[in-house]
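Residue-level structure breakdown
As a plain string of letters, each chain reads:
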2 protein chains.
Amino acid sequence: MKTLHSDPALPRATETEALLRFSALSQETRLRIVRLLVMAGQNGMPAGTIATQLGSSDSRLSFHLSHLEHAGLVHSRREGRSIIYSVVFPALAALSEFLIQDCCRGFEENVNEGCKSESCD
Amino acid sequence: MKTLHSDPALPRATETEALLRFSALSQETRLRIVRLLVMAGQNGMPAGTIATQLGSSDSRLSFHLSHLEHAGLVHSRREGRSIIYSVVFPALAALSEFLIQDCCRGFEENVNEGCKSESCD
DNA sequence: TCAACATTTCTTGAAATATTGAAATATAGC
DNA sequence: GCTATATTTCAATATTTCAAGAAATGTTGA
């Protein structure tokens, strides 16, 4: 079984990246954008559609999308007059890796029993 | 193989919890506290030791520890005159679950190829 | 180039969060 | 009870982040 966080080819986020990404995800609108884009998958979604679905103003949404893009969590491409946003799955994966690796890997001798028995290996 | 994010007994964090926890982790000192406590494992570490190791003032550290505890990411217990802090591994696990589940589970028909081929299953 | 549409940038003010240092609280040992 | 140690709380200040709307920019298709 190949899992999201155990793929050795998938680098864990650095502390700086992790900080930037956690910060980006710690805002309600931005977290919802990410969840919306995850559901939209590789097709992505135009900025205007996202704004409509979340009931946010265009300018506010643009700000949040820039924020997410700067954090490397979403990617944009132009299609006609629309700009299509989509989530960067490897970035989410690396962030998970950052948490999980610290939780369960490399510190096996120290890890608590709850984690060891319920969640690891 | 039993993995951190695929254990059905391990509930995914709610959006509110996720927001609170992402927010807690998006601050340099707090992220370092969590990493330090992960390394300390179940034994945990006294507040004073954490402050010394991170070069932070006692009062500042106390504030950040309260913040992390309120977010459910760390737990405290008294031992003599020290208060020992330790990380709540299931909380980290649930947060990872929150990201990973949204990334790869429940939306298989939409998930992008990069995620599907590199990270899922 | 022009008109229409989509997105971004900028400004302002409000709200949340961080830092510092001093004072307060709690425990252990004498 | 008294003192030393460990940690937390509090008040004042500084910093960061957020929201809203107007104006500016960029793109398409005629």
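Residues numbered from 1 in each chain as written. Chains lettered and ligands numbered in written order. Predicted model: local features only at pLDDT ≥ 70, side-chain atom pairs only at ≥ 80, totals over all residues. Heavy atoms only, no water.

Next up on the list: the sheet that holds strand β3 (residues 82-87) of chain A. Sheet strands pair by backbone hydrogen bonding; their relative direction is either parallel or antiparallel. All names here are of chain A. With antiparallel pairing, 3 strands are arranged side by side in an open sheet as β1-β3-β2. Of all the strands in the sheet, the pair left with one neighbour each is β1 (45-46) and β2 (74-79). Pairing geometry for β2 and β3, over 6 bridges, is antiparallel. Across the sheet, the residue bridging to Arg77 is Ile84, located in β3. In the packing of helix α4 (residues 58-70) onto the sheet, contacts are made with β2 and β3, and the angle to β2 comes to roughly 120°. (Pairing = 2+ DSSP bridges. Helix = DSSP H or I, 4+ residues; strand = E, 2+ residues; numbered from the N terminus. Contact = heavy atoms within 4.5 Å. Axes fitted to C-alpha atoms, helices over the stretch in contact; angles between N-to-C directions.)

If you check the shell around DNA strand C, you find 19 residues, and the closest are A:Gly48, A:Ser59, A:Tyr85, B:Arg30 and B:Arg60. Interatomic distance of 3.3 Å between a backbone N/O atom of A:Ala47 and a phosphate oxygen of DNA strand C. Residue B:Arg81 places a side-chain N or O atom 3.2 Å away from a sugar or linking oxygen belonging to DNA strand C. Those elements that place two or more of their residues in the surface near DNA strand C are α3 (47-54), α4 and β3 of chain A together with α4 (58-70) of chain B. With 5 residues, α4(B) is the single largest residue contributor to the surface near DNA strand C. Partitioning the surface near DNA strand C into residue classes produces 4 nonpolar, 9 polar and 6 charged. (Near = heavy atom within 4 Å. Polar contact = N/O pair within 3.5 Å; in protein donor to acceptor, adjacent residues only side chain to side chain. Nonpolar A, V, L, I, M, F, W, Y, C, P; charged D, E, K, R; others polar.)

A word on the nonpolar core. With 62 residues, the main nonpolar core has A:Phe22, A:Ile50, B:Phe22, B:Ile50 and B:Leu73 as its most contacted residues. Filtering out sequence-adjacent residues up to four positions away, A:Phe22 remains in contact with A:Leu95, A:Phe98, A:Leu99, B:Phe22, B:Leu25, B:Ser26 and B:Leu31. (Core = buried A, V, L, I, M, F, W, Y, C linked by side-chain atoms within 4.5 Å. Buried < 20%, exposed > 50% of the residue type's maximum accessible area, 1.4 Å probe, protein only.)

In the region of DNA strand D, 18 residues are neighbours, and A:Arg30, A:Arg60, B:Gly48, B:Ser59 and B:Tyr85 sit closest. Within 4 Å of the protein, atoms of DNA strand D come from sugar and phosphate in 69% of cases. Between a phosphate oxygen of DNA strand D and a main-chain N or O atom of B:Ala47, the distance comes to 3.2 Å. Side-chain polar atom of B:Arg81 to a sugar or linking oxygen of DNA strand D: 3.1 Å apart, as the coordinates give it. Those elements that provide at least two residues to the surface near DNA strand D are α4 of chain A together with α3 (47-54), α4 and β3 (82-87) of chain B. Along the lines of polarity and charge, the residues of the surface near DNA strand D split into 4 nonpolar, 8 polar and 6 charged.

This part covers the sheet that holds β3(B). All names here are of chain B. As summarised here, the arrangement of the 3 strands in space is β1-β3-β2, forming an open sheet in which the pairing is antiparallel. Both edges of this open sheet fall to β1 (45-46) and β2 (74-79), since each of them pairs with a single strand only. On top of the sheet, helix α2 (residues 28-40) reaches β1, β2 and β3; it is set at about 90° to β3, its chief contact.

Let's shift gears to the packing of aromatic side chains. Tallied over the full model, the rule gives 3 aromatic pairs over all chains. With a centroid separation of 6.4 Å and 65° between ring planes, the pair formed by B:Phe22 and B:Phe98 is classed as edge-to-face. Of this pair, B:Phe22 sits in helix α1 (residues 15-25) while B:Phe98 is found in helix α5 (residues 89-104), placing the two residues 76 residues apart along the sequence. Judged by relative accessible area, which is 2%, B:Phe98 ranks as buried. Among the aromatic residues, those joined into a ring-pair cluster are A:Phe22, A:Phe98, B:Phe22 and B:Phe98. (Phe/Tyr/Trp six-rings, centres within 6.5 Å; stacked < 30°, edge-to-face > 60°.)

Glancing now at the environment of A:Ser82. Residues and elements named next belong to chain A. Secondary-structure assignment places Ser82 in strand β3. Through-space distance from the C-alpha of Ser82 to that of Met45 is 9.2 Å; in sequence the pair is 37 residues apart. Those residues in contact with Ser82, other than ones at most four positions away along the chain, are Pro46 and Arg77.

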